[in-house]
Amino acid sequence: AQCLNSLTRLKYPRDAFEVILVDNGSQDRTIEIAHQFASALPLRILQKPGVHISELRNVGAADATGEVFAFLDADCTVGEDWLFGVAAALRDESTGVAGAEMLMPSNASWVSRIWFWKGKEKRGEVGYVGTANLSVRRDVFLRAGGYDGSLETNEDCEFCFRVHAAGLKILAIPKIAVV
């Protein structure tokens, strides 16, 4: 709910983006909660049980109609200018992927703070960005072959490595960080 609610506060024009939620058979109230946002967001809900998150991301990308894919994890929230930052970051044709690290909420537990502590903030050209907040143009995503759906984890690293091997930059841009 917090993730979808943050998307309702985007300043980006509603007719210029879509939200695709892909669920893999969750047993919580995800689908019920998502339906509550159907009138506030251009939202489509897809279900693909029993697959890895890498394949869920591919399912969402295959259903998307836009020219930019902005992948976001369900436990992340965005700032109201997030999509403006994403769009600006991907205007340069030499950029393959743009993203940023996750920021911890002010009420994060000590376990979260230690788990996500990274020391110095990533900025500029990097080896990869995490898929919790990763954006890529459609043409780059398709040319790279999407995510490796067989990977249970680290699909972001593997995808970014292939994009970089194609001669494109992977950028970490703190102003598009998510919480």
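Peer 1: Before we go on, may I ask you to explain the sheet that holds strand E4 (residues 95-99) in this structure?
Peer 2: Sheet strands pair via backbone hydrogen bonds, and the direction of the pair is either parallel or antiparallel. Taken in spatial order, the five strands make up an open sheet running E3-E6-E4-E7-E5, and their pairing is mixed. Each edge of the open sheet carries a strand with a single partner, namely strand E3 (68-72) and strand E5 (124-125). By the bridge criterion, five bridges tie E3 to strand E6 (residues 133-137) in an arrangement that is antiparallel. For phenylalanine 69, the partnering residue across the bridge sits in E6 and is valine 136. Relative to E3, helix H4 (residues 82-89) is tilted by about 130°, and along the sheet it contacts E3, E4 and E6. Sheet strands touched by helix H7 (residues 155-165): E4, E6 and strand E7 (169-172). Its angle to E4, the strand with the most contacts, is close to 150°.

Peer 1: Just checking my understanding: could you explain the layout of surface pockets for this structure?
Peer 2: Of the pockets and cavities examined, the largest pocket occupies roughly 1,300 Å³. What lines the largest pocket is a set of 42 residues, and nearest its centre among them are Val19, Ile20, Ala70, Phe71 and Leu72. Counting only elements with at least two residues in the lining of the largest pocket, the list comes to helix H1 (2-8), strand E1 (19-23), helix H2 (30-35), helix H3 (53-63), E3 and H4. In this structure, the second largest pocket occupies an estimated 580 Å³ of space. What lines the second largest pocket is a set of 24 residues, among which Met102, Gly130, Thr131, Ala132 and Asp156 lie closest to the centre. For the lining of the second largest pocket, the secondary structure elements donating two or more residues are H3, helix H5 (110-116) and H7. The element that contributes the greatest number of residues to the lining of the second largest pocket is H7, accounting for three residues. Among the residues making up the lining of the second largest pocket, the classes are represented as 10 nonpolar, five polar and nine charged.

Analysis parameters
- Residues numbered from 1 in each chain as written.
- Predicted model: local features only at pLDDT ≥ 70, side-chain atom pairs only at ≥ 80, totals over all residues.
- Heavy atoms only, no water.
- Pairing = 2+ DSSP bridges.
- Helix = DSSP H or I, 4+ residues; strand = E, 2+ residues; numbered from the N terminus.
- Contact = heavy atoms within 4.5 Å.
- Axes fitted to C-alpha atoms, helices over the stretch in contact; angles between N-to-C directions.
- 1 Å grid on protein atoms, 1.4 Å probe; cavity = no way out; pocket = protein on both sides within 12 Å on 5 of 7 lines; lining within 4 Å.
- Points joined across faces, edges and corners; volume = space filled by probe spheres on them.
- Nonpolar A, V, L, I, M, F, W, Y, C, P; charged D, E, K, R; others polar.

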